[in-house]
Amino acid sequence: MTLSAKSLRWSRGGHLVVDDVTIDPAPGETIGLLGPNGSGKSSLLRLLSGVDRPESGAVTLDGTDIHSLGRRVLARRVAMVGQHAHTEVDIRVRDVVRLGRIPHADVLGRDDGGNAAIAHALEVTGMTEHADRMWRSMSGGERQRAHIARALAQEPEELLLDEPTNHLDIQHQLDILERVAALPVTTYLALHDLNLAAMFCDRVVVLEKGRVVAHGGPVEALTEEMIEQVYGVRATVADRDGTPVIHYHRLHTSFCV
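Residues numbered from 1 in each chain as written. Predicted model: local features only at pLDDT ≥ 70, side-chain atom pairs only at ≥ 80, totals over all residues. Heavy atoms only, no water.

(A) Local environment of the sheet that holds strand β7 (residues 158–162). Sheet architecture is open: six strands sit in the order β6-β7-β8-β3-β9-β10, paired in mixed fashion. With one partner strand each, in any of the chains shown, β6 (78–81) and β10 (211–216) form the two edges of the open sheet. The mean inter-strand angle of the sheet, taken between neighbouring strand axes irrespective of direction, is 15 degrees. Sheet topology places strand β9 (residues 203–208) next to β10; five bridges connect them, and they run antiparallel. Residue pairing across strands places L207 opposite V212, the latter belonging to β10. Sheet strands in contact with helix α5 (residues 140–153) are β6 and β7, and its direction is about 165 degrees off that of β6. (Pairing = 2+ DSSP bridges. Helix = DSSP H or I, 4+ residues; strand = E, 2+ residues; numbered from the N terminus. Axes fitted to C-alpha atoms, helices over the stretch in contact; angles between N-to-C directions. Contact = heavy atoms within 4.5 Å.)

So this is what it looks like as structure tokens:
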């Protein structure tokens, strides 16, 4: 058992943004959350993390409603990296990662396993050689890896990432997703790029106006019909060694000057 959603409904500003969403992953799966802007991906991640509480339905961790768990207990199991994670303080990368150890420290701030966990998180994300660099000297991709390292330092069994490839070049997109997919944790991954989801996700959940409109393996869910229905574009989906590869068609829009 792991982090699951059952019949979640949640509104913001009087508008229903998550509508009857159920997801039940196997432990260790990488679940891609897909859909256009406003489809409910970020809102669903906030519900899964416990930041927001659903109006109905439940988010459960090993079968227990997460809102019956203490924040400290939950933080030891579930880590989240938001879409706009940043810090204004110019500190060393190692100290950013150390923030992930807060749930494990005792009342005196002692954390016996902290140094080992930090070292492992830096190694897994390829950030060991950057550990003593100052935050402002880092590129966008390096900062993103540092935030993921901070989340991993929590030693979670469930990881939530909201657009982790946002604003990154292709090399850093591939690097981050390869590292994340190799982790032995259940991962929920909000993405815009369908080809990246096809490459790195075990299953995908496609949202449209807060509802699940497709759910399954990439081959099953990423169809030409779904892409036209949800995204409003025509595409050709080819199979390359069991991985769907999506080629988009031009819109052929006429512009008047």
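(B) Structural context of the nonpolar core. If you look at the biggest cluster of nonpolar residues, it comprises 46 residues, and the most contacted ones within it are L34, V97 and L159. The element best represented in this core is α5, accounting for six residues. When neighbours within four sequence positions are excluded, L159 is seen to be in contact with A79, A151, L152, L183, V185, T186, T187 and Y188. Core analysis: the second largest hydrophobic core is formed by 24 residues, V18, V21, A190 and L207 among them. (Core = buried A, V, L, I, M, F, W, Y, C linked by side-chain atoms within 4.5 Å. Buried < 20%, exposed > 50% of the residue type's maximum accessible area, 1.4 Å probe, protein only.)

(C) Spotlight on the environment of P54. Assignment of secondary structure puts P54 in the loop between α1 (41–49) and β4 (56–61). Along the chain, P54 and R240 lie 186 residues apart, while their C-alpha atoms are 39 Å from each other.

(D) A look at the sheet that holds strand β5 (residues 64–65). Pairing within the open sheet is antiparallel, and its four strands lie in the order β2-β1-β4-β5. Looking at the sheet topology across the chains shown, the edges are occupied by β2 (15–23) and β5. Here six bridges tie strand β1 (residues 3–12) to β2, and the two strands are oriented antiparallel to one another. If you follow W10 over to β2, its bridge partner there is V18. Here α1 sits on the sheet in contact with β1, β2 and β4, set at roughly 120 degrees to β1.

(E) Representation of the side chain of T2 in the model. The residue T2 is located in the segment before β1 in this model. A polar side-chain atom of T2 sits 2.7 Å from a polar atom in the side chain of E158. Non-local contacts of T2, meaning those with residues more than four positions away in its chain, are made with P25, A26, P27, T60, L61, D62, E158 and T186. (Polar contact = N/O pair within 3.5 Å; in protein donor to acceptor, adjacent residues only side chain to side chain.)

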